[in-house]
Amino acid sequence: MPATSKCPECDGNVSVGADAVKGEIVSCPDCGAELEVTATAPLALALAPEAEEDWGE
Ligand SMILES: [Zn+2]
């Protein structure tokens, strides 16, 4: 069954598939924030770090 948790950014409801795994990145449908699944039972979400690659030069 799909699981639902709150977006830490906008407090909107975010649902993930039943096969979601820890470490999976999902997008908030309300604010578009990238969220990392930090736990699945119960579902917990955290803001995913921005995958910026503009460092190192
Ligand atoms: Zn959000």
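First, a word on what this report is: a plain description of the structure on this page.

The rules behind the values
All chains use their own residue numbering, which begins from 1 and follows the written sequence. In view of the model being predicted, local features appear only for residues whose pLDDT reaches at least 70, and side-chain atom pairs are presented and counted only at 80 or more, with totals across whole chains, interfaces and linings using the full set of residues. Structurally, a nonpolar core is described as a collection of buried Ala, Val, Leu, Ile, Met, Phe, Trp, Tyr and Cys residues joined by way of C-beta atoms within 7 Å. Once C-beta atoms are placed from the backbone, each residue is buried if 20 or more other C-beta atoms lie within 10 Å of its own, exposed if 12 or fewer, and partly exposed for counts between those two. What counts as a contact is two residues whose backbone-derived C-beta atoms lie within 7 Å of each other. Strand pairing is assigned whenever DSSP detects at least two bridges linking the two strands. Only DSSP runs of H or I with at least four residues qualify as helices, and only runs of E with at least two residues qualify as strands; both kinds are numbered from the N terminus onward. Only the stretch in contact is used when fitting a helix axis, every axis being a line fitted to C-alpha atoms; angles between N-to-C directions are given from 0 to 180 degrees.

What follows is about the nonpolar core. Counting residues in each nonpolar core, the largest one holds 6 residues, listed as Cys-7, Val-14, Cys-28, Leu-35, Val-37 and Leu-45. Look past the residues within four positions of Leu-35 in its chain and what remains in contact with it is Cys-7, Val-14, Ile-25, Val-26, Cys-28, Leu-45, Ala-46, Leu-47 and Ala-48.

Another aspect to go through is the sheet that holds strand 4 (residues 34–40). Across the sheet, which stays open at both edges, the 3 strands sit in the order 3-4-5 with antiparallel pairing between neighbours. Two strands close off the open sheet at either side, each with one partner strand: strand 3 (25–27) and strand 5 (43–47). Direction aside, the axes of adjacent strands within the sheet are offset by 45° on average. Judged from the 5 bridges that link them, strand 4 and strand 5 form a sheet pairing that is antiparallel. Opposite Ala-39, over in strand 5, you have Ala-44 as the bridge partner.

With that settled, the discussion passes to the environment of Ala-33. Structurally, the position occupied by Ala-33 is in the loop between strand 3 and strand 4. Setting aside anything within four residues of it in sequence, one finds Ala-33 in contact with Cys-7, Glu-9, Cys-28 and Leu-47.

Further remarks concern unusual backbone geometry. Omega for the peptide link from Ala-41 to Pro-42 comes to 0°, which places this bond in the cis form. Structurally, Pro-42 can be placed in the loop between strand 4 and strand 5.

What follows deals with the pairing of strand 2 (residues 13–16). Both strand 1 (residues 3–6) and strand 2 contribute to a ladder of 4 bridges, which runs antiparallel. Paired with Lys-6 across the bridge in strand 2 is Asn-13. Linkage of strand 1 to strand 2, two consecutive antiparallel strands, is achieved through a turn of 6 residues, within which Asp-11 is found at a positive phi near 70°.

This part covers the pairing of strand 4. Where strand 3 meets strand 4, 3 bridges bridge the pair, whose relative direction is antiparallel. Across the sheet, residue Ser-27 finds its bridge partner in strand 4, namely Glu-34. Hairpin connection of strand 3 to strand 4: 6 residues between the antiparallel strands, including Gly-32 at a positive phi of 80°.

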